[in-house]
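# Secondary and tertiary structure notes
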Amino acid sequence: MNYTIQNKNFDIRRTFLCGQCFRWSEDENGAFSGIAGGRSLTVTQSGDEVTLHGVSEQDIPFWENYFDLDTDYSAYIETLSADETLKKACEFSPGIRILRQEPFETLISFIISQNNNIKRIKGIIERLCRLLGQPIGDSGFFSFPTPEALAAATAEQLAPLRCGFRARYLIDAAQKVCSGQVRLDAI
């Protein structure tokens, strides 16, 4: 089914391309396809209407949470606009929503992002998911690897990712999450 969201403070293009997420791609018609939480989705926008295509009714709460739809961004914008510098930032890039991403995926993605550009980050993450993730139905997407799968990998196994020096940091982070030394739920 398709599910339409009416929200004047939601710009899918700015949200998906601002550098906070790396698993969404835009097609020639402006539709974005991606994956989060093991669920694939295509999203389009026309004015203030954002449409989630092919979403199951049971997944709507997941996507509402992911897109932070219960937060009133108008109130934030009004408050922030009291400061002239922040007002300029709000006017420069309206509609960016802070995505509620999975903590482990966010941690690993931002280790990969060190001294990198968005195109390269996306490529490394895609290769990581294909290498250690699981296929998501027939969508062509792969899940993000579990901490256990990444913790069990070696730097040599991660060489095809072309992530260079980051490989050892990715494995170390995954091992620390698995051991409980890093508790993502406490951060």
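Throughout what follows, the structure given in this document is the object of discussion. (Residues numbered from 1 in each chain as written. Predicted model: local features only at pLDDT ≥ 70, side-chain atom pairs only at ≥ 80, totals over all residues. Heavy atoms only, no water.)

As a rule of thumb, non-glycine residues mostly have phi less than zero, and peptide bonds are mostly trans rather than cis. Unusually for a residue other than glycine, Asn115 sits at a positive phi of about 50 degrees. Considering the arrangement of structural elements, one finds Asn115 in the loop between helix 5 (103-112) and helix 6 (118-132). (Helix = DSSP H or I, 4+ residues; strand = E, 2+ residues; numbered from the N terminus.)

Attention now moves to the layout of surface pockets. As a volume, the largest pocket reaches approximately 280 Å³. Around the largest pocket sit 13 residues that line it, and Ile77, Leu80, Cys90, Ser93 and Ile96 are the ones nearest its centre. Those elements giving two or more residues to the lining of the largest pocket turn out to be helix 3 (73-80) and helix 4 (84-92). Per-element tally for the lining of the largest pocket: the top contributor is helix 3, with 4 residues. The class makeup of the residues in the lining of the largest pocket is 10 nonpolar, 3 polar and no charged. (1 Å grid on protein atoms, 1.4 Å probe; cavity = no way out; pocket = protein on both sides within 12 Å on 5 of 7 lines; lining within 4 Å. Points joined across faces, edges and corners; volume = space filled by probe spheres on them. Nonpolar A, V, L, I, M, F, W, Y, C, P; charged D, E, K, R; others polar.)

The next point concerns the pairing of strand 4 (residues 39-46). Successive side chains on a regular strand alternate, one facing one side of the sheet and the next facing the other. As paired strands, strand 3 (residues 32-36) and strand 4 are joined by 5 bridges and run antiparallel to one another. Opposite Phe32, over in strand 4, you have Val43 as the bridge partner. Linking strand 3 back to strand 4 in an antiparallel pair, the connection comprises 2 residues, with Gly37 at a positive phi of about 60 degrees. Where strand 4 meets strand 5 (residues 49-53), 5 bridges bridge the pair, whose relative direction is antiparallel. By the bridge assignment, Thr44 is partnered in strand 5 with Thr51. Connecting strand 4 to the next strand, strand 5, in antiparallel fashion are 2 residues, including Gly47 with a positive phi near 60 degrees. (Pairing = 2+ DSSP bridges.)

What follows is about the sheet that holds strand 2 (residues 24-26). Pairing is antiparallel across the open sheet formed by 5 strands, whose spatial order is 1-5-4-3-2. Whereas interior strands pair on both sides, the edge strands pair on one side only; in this sheet they are strand 1 (3-6) and strand 2. Direction aside, the axes of adjacent strands within the sheet are offset by 25 degrees on average. (Axes fitted to C-alpha atoms, helices over the stretch in contact; angles between N-to-C directions.)

As a further point, take a nonpolar patch on the surface. On the surface, a cluster of nonpolar side chains totalling about 280 Å² of accessible area is made up of Tyr76, Leu80 and Leu86. Mapped onto the elements of the fold, Tyr76 is located in helix 3. (Patch = residues over 30% accessible without salt bridge, like charges linked within 9 Å, V, L, I, M, F, W, Y side chains within 5 Å. Areas by Shrake-Rupley, 256 points an atom, 1.4 Å probe, with all protein chains shown as cover. Salt bridge = Lys/Arg side-chain N within 4 Å of Asp/Glu carboxyl O.)

On to helix 8 (residues 166-179). Here helix 8 contains 14 residues, and its C-alpha end-to-end distance of 20 Å stays within 8% of the 20 Å for a straight helix at 1.5 Å per residue. At its buried positions, helix 8 is contacted by helix 5, helix 6 and helix 7 (147-151). Two residues or fewer after helix 8 comes Gly180, characterised by a positive phi angle close to 90 degrees. (Expected span 1.5 Å × (residues − 1). Contact = heavy atoms within 4.5 Å.)

As paired strands, strand 1 and strand 5 are joined by 4 bridges and run antiparallel to one another. Residue pairing in the sheet places Thr4 in a bridge with Thr51 of strand 5.

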